[in-house]
Amino acid sequence: MTAFEGVLFDGVRAAGLPVQVHAEGDEVLIASAIEEPRSVARDQIIADAPIPGVPRLLRLPGGELIQTDAHEAVASLWPPKDFISRAAFAIESRWWAALTGLVLTAGVVWLIVAFVLPFAAEPVSRRISPAVEAFMGQQTLEILDRTIFAPSTLTEEKTEELEEKYAQFVDGEDAQSYRLAFRHAGMPNALALPGGIIVVTDEMVLATENDAEFLAVVAHEIGHVRGHHAMRLVLQGSGVAVLMTALAGDAVGTTILAAALPAVLLRTRYSRQFESEADDYAFAMLKRHGQSPQAFADMMRRLRLRKDAKEEPDSLLQYLSTHPATEERIQRAEQQR
Amino acid sequence: MSELSARGTAALTTYRFDFIGRTGEYFRIWVVSLFLSVVTLGIYSAWGKVRKKRYLYSHTELDGTGFEFRATPLAILRGRVIALVLLGGFALSGHVLPIMQLVFIIILLALTPWIVVAASRFNARNSAWRNITFSFSGGFWEAARVFLGLGALAVVTLGLMYPYARMRRARFIIEHHRFGDTQIRADLMAGGFILAYLLAALMFIGIMVLFVAAMVGLVFTAGAAARHQPSGMASLAPVAVLYVAYIAVYAFLRAQIGNLTLNGVVLGPLRCRSTLRVRDLVWLYLSNIVAVLATLGLATAWVTIRMARYRARNLYLIGEATPEVFMGTATSAGSATGSEVSDLFDVDVSL
């Protein structure tokens, strides 16, 4: 026989009635100071799922409720049936189990971020129809044209000369996948948009001292196109966003910032990885065409010395940067020479 | 009060809310929720949510009895799946076709009244105290008028009508709630809301003026001496200052609007009394952010517990009757979809 005390709430009045519960076999006897004891079949009573530190609630057939702190008695009389609640309760009750879960969580999150997302995004990005990619690229270019780009101010001669060099360079390298475009933007830059649009700014063209340097820039952007980096960044970024939303689901109010920071850090990490990948592609492509990656290093050096070059962030802020450190990129180029 | 003494029953009693949850216990429930959610690809998150809410509810006590959260994990899971499909569509649409994002925002706006009503109904029906449940009876069209109609009015008046819209939102939510058989009343005036937002706006303008003045002064004094740009971490300092100022204004509004709203809640013979203080909230918010960032998010459980404790210990029920006068009535559970959609998209359905 098991006996324990509890408080009965009848669901009609907001007042509790202290009761004694006696369980004998399949019968449960409920007695109080003011009512006749009554008998209820044990399997007619539904116990809630146990949670450490939370009083147990027993629901009686008529909608009445008994609240009790007799955890052991309730657990032995009404053992939780569903597997999920049993497993959760078992881990929650033990510090070592909960902390093991924490370590495993950190490991799984790291696996997802470092391997699963990049690994999964790659084949997906290749399967996206070229029409969709081209459309996205066109949309992006239109927005850029309306906001930060102006028509190129290069002479027609210069443009034609560069396009000829470019045509020679990409000949036999699945040239129909890329399209070269020049724009005026106020600073040296080059970018690869989805669908293979490679934009080189006038200032970038003027910053290059010879054809080899121009081709190094183009080769880097072709690396982005070949690797579908724009698409993969979108996919991986979305994956991180979903993961962070799931993990920080109950971050309250202002602490939500704490969830945004890792998302930003991971995005820039992916971006840096893609930059290095595009660099590698560029070095290999330059060598295939009998050019030296030294041109890439020379140009990076010169860009760094320009007045309008952004200052290299110090060590901590490096993690917020979308590009690897310039010095590192120069060194890698020179090693490939 | 004069009314009470006239009737000769001046016995006003104060009933305290309290929160007696413990960080260590809650931390384990939180961690297990995180862990099992990750290894079950999010499916467990519905169970985790129910267990966390049950822990928090049951340790929030009024007159010595804890509250009860009754929702079933399956109802929450169903809502989460729908919310996730919406969120996924929203996130992807923006990348493929920016115009789609606009369409999604319009759809979401049109859904707002439904989300508010469904979430309130679900949460009310699944909240109980002493085996008596809450219920919510607000309708879609009234919600549309209050949230969309007055929201639009606030926009076209460049925010001037926002305090009024905010008050009407709070009133809509409060006065459609019942506790058992007792209809809850809202005793709210627009005046307090207008004053609170006016002061917040003045604080904000004052901070911006001071900030710009300080920046200009800094640039002139430092710029003349050494012509070098503030580099690296130093350039983050102004951002940090602005952030702290933003938190202060935010805390001010939370305390003011929270007190105004809760003090307007009348349950039959009892009335709520809320005593949130701005300086307490500033401290809590700032230390929360530091703790969460410094522990890579692990302090989230501690933050939840201390906020629940602060809120509960600053809330009272005052009146000439005991809470035992409330009577119950039978209700059924609502759909969880509204609640989950509002969770994921962070639609403000709070008071």
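Residues numbered from 1 in each chain as written. Chains lettered and ligands numbered in written order. Predicted model: local features only at pLDDT ≥ 70, side-chain atom pairs only at ≥ 80, totals over all residues.

Trainee: What is the right way to read the overall build of chain B from this model?
Mentor: In terms of helices and strands, chain B carries 12 helices and 10 strands. Relative to its 351 residues, chain B shows a buried fraction of 37%. For chain B, contacts bridging at least 24 residues in sequence account for 72% of all contacts bridging at least 6. (Helix = DSSP H or I, 4+ residues; strand = E, 2+ residues; numbered from the N terminus. Buried ≥ 20, exposed ≤ 12 C-beta atoms within 10 Å, placed from the backbone. Contact = placed C-beta atoms within 7 Å.)

Trainee: Hey, could you run me through the overall build of chain A in this one?
Mentor: Scanning chain A from N- to C-terminus turns up 11 helices and 11 strands. The C-alpha atoms of chain A give a radius of gyration of 33 Å, which is well past the 20 Å a tight globule of 337 residues would have. Each principal axis of the C-alpha atoms in chain A carries an extent, and together these give about 105 × 35 × 35 Å. Scored against the burial criterion, the 337 residues of chain A give a buried share of 32%. Residue pairs at least 24 apart in sequence account for 57% of intrachain contacts in chain A once pairs closer than 6 positions are excluded. (Rg over C-alpha atoms; globule rule 2.2 N^0.38 Å.)

Trainee: I keep staring at unusual backbone geometry and nothing clicks. Help me out?
Mentor: The phi angle of most residues is negative, glycine excepted, and most peptide bonds adopt the trans form. All names here are of chain B. Of note in this structure, Leu-158 is not a glycine but carries a positive phi near 55°. Structurally, Leu-158 is set in the loop between α6 (140-156) and α7 (162-175). The exposure class of Leu-158 is exposed, given the 8 C-beta atoms found within 10 Å. Of note in this structure, Leu-296 is not a glycine but carries a positive phi near 55°.

Trainee: I would appreciate a short explanation of the domain arrangement of chain A in the present structure.
Mentor: Much of the literature gives interface size as the accessible area that the parts lose upon coming together. As far as domains go, chain A holds domain 1 (2-82) and domain 2 (112-335). Computed from C-alpha atoms alone, the centre-to-centre distance between domain 1 of chain A and domain 2 of chain A is 66 Å. (Domains from an automatic or database assignment.)

Trainee: Looking at this structure, how should I read the sheet that holds strand β5 (residues 46-47) of chain A?
Mentor: Strand pairing within a sheet occurs via backbone hydrogen bonds; the two strands may be parallel or antiparallel. Residue and element names in this part refer to chain A. Taken in spatial order, the 7 strands make up an open sheet running β4-β3-β2-β1-β7-β6-β5, and their pairing is antiparallel. With partners counted over all chains shown, the strands left at the sheet margins are β4 (38-41) and β5, one partner each. Of the pairings in the sheet, the one linking strand β1 (residues 2-9) to strand β7 (residues 65-68) comprises 3 bridges and is antiparallel in character. Bridge pairing in β7 links Val-7 to Gln-67. (Pairing = 2+ DSSP bridges.)

Trainee: Is there a simple way to think about the environment of Lys-81 of chain A in this case?
Mentor: All names here are of chain A. Inspection of the secondary structure puts Lys-81 in the loop between α1 (71-77) and α2 (83-92). Since 9 C-beta atoms lie within 10 Å of it, Lys-81 is described here as exposed. For the pair Lys-81 and Ser-125, spaced 44 residues apart in sequence, the C-alpha to C-alpha distance is 45 Å.

Trainee: Would you mind going over the environment of Asn-314 of chain B with me for this structure?
Mentor: All names here are of chain B. Take Asn-314: it is sitting in the loop between α11 (300-313) and β10 (315-319). Taking the C-beta count within 10 Å as the criterion, Asn-314 has 19 such neighbours and is therefore assigned partly exposed. Between the C-alpha atoms of Asn-314 and Leu-276, which are 38 residues apart in sequence, the distance is 6.0 Å. Ignoring any residue separated from it by four or fewer positions in sequence, one finds Asn-314 in contact with Ser-274, Thr-275 and Leu-276.

Trainee: Please clarify how the pairing of β7 of chain A should be interpreted in this entry.
Mentor: Remember that side chains alternate between the two faces of the sheet whenever the strand is regular. Residues and elements named next belong to chain A. Across 4 bridges, strand β6 (residues 56-59) lies against β7 in antiparallel orientation. Bridge pairing in β7 places Leu-58 opposite Ile-66. Taken together, β6 and the strand that follows it, β7, pair antiparallel across an intervening segment of 5 residues, in which Gly-63 is found at a positive phi of about 95°.

Trainee: I would appreciate a short explanation of helix α10 (residues 278-294) of chain B in the present structure.
Mentor: Spacing of three or four residues puts side chains on the same side of an α-helix, whose turn is 3.6 residues. Residue and element names in this part refer to chain B. When the terminal C-alpha atoms of α10 are compared, their 24 Å separation across 17 residues agrees well with the 24 Å that a helix rising 1.5 Å per residue should span. All buried positions along α10 are accounted for by Leu-281, Leu-284, Tyr-285, Asn-288, Ile-289 and Val-292. Each buried residue of α10 sits inside an arc of 125° when the element is viewed along its axis, so together they form one side. Facing away from the buried side of α10 by over 90 degrees, the exposed positions are Arg-279 and Ala-294. Looking one or two residues past α10, Leu-296 carries a phi angle of roughly 55°, positive in sign. (Expected span 1.5 Å × (residues − 1). Arc of directions from axis to C-beta.)

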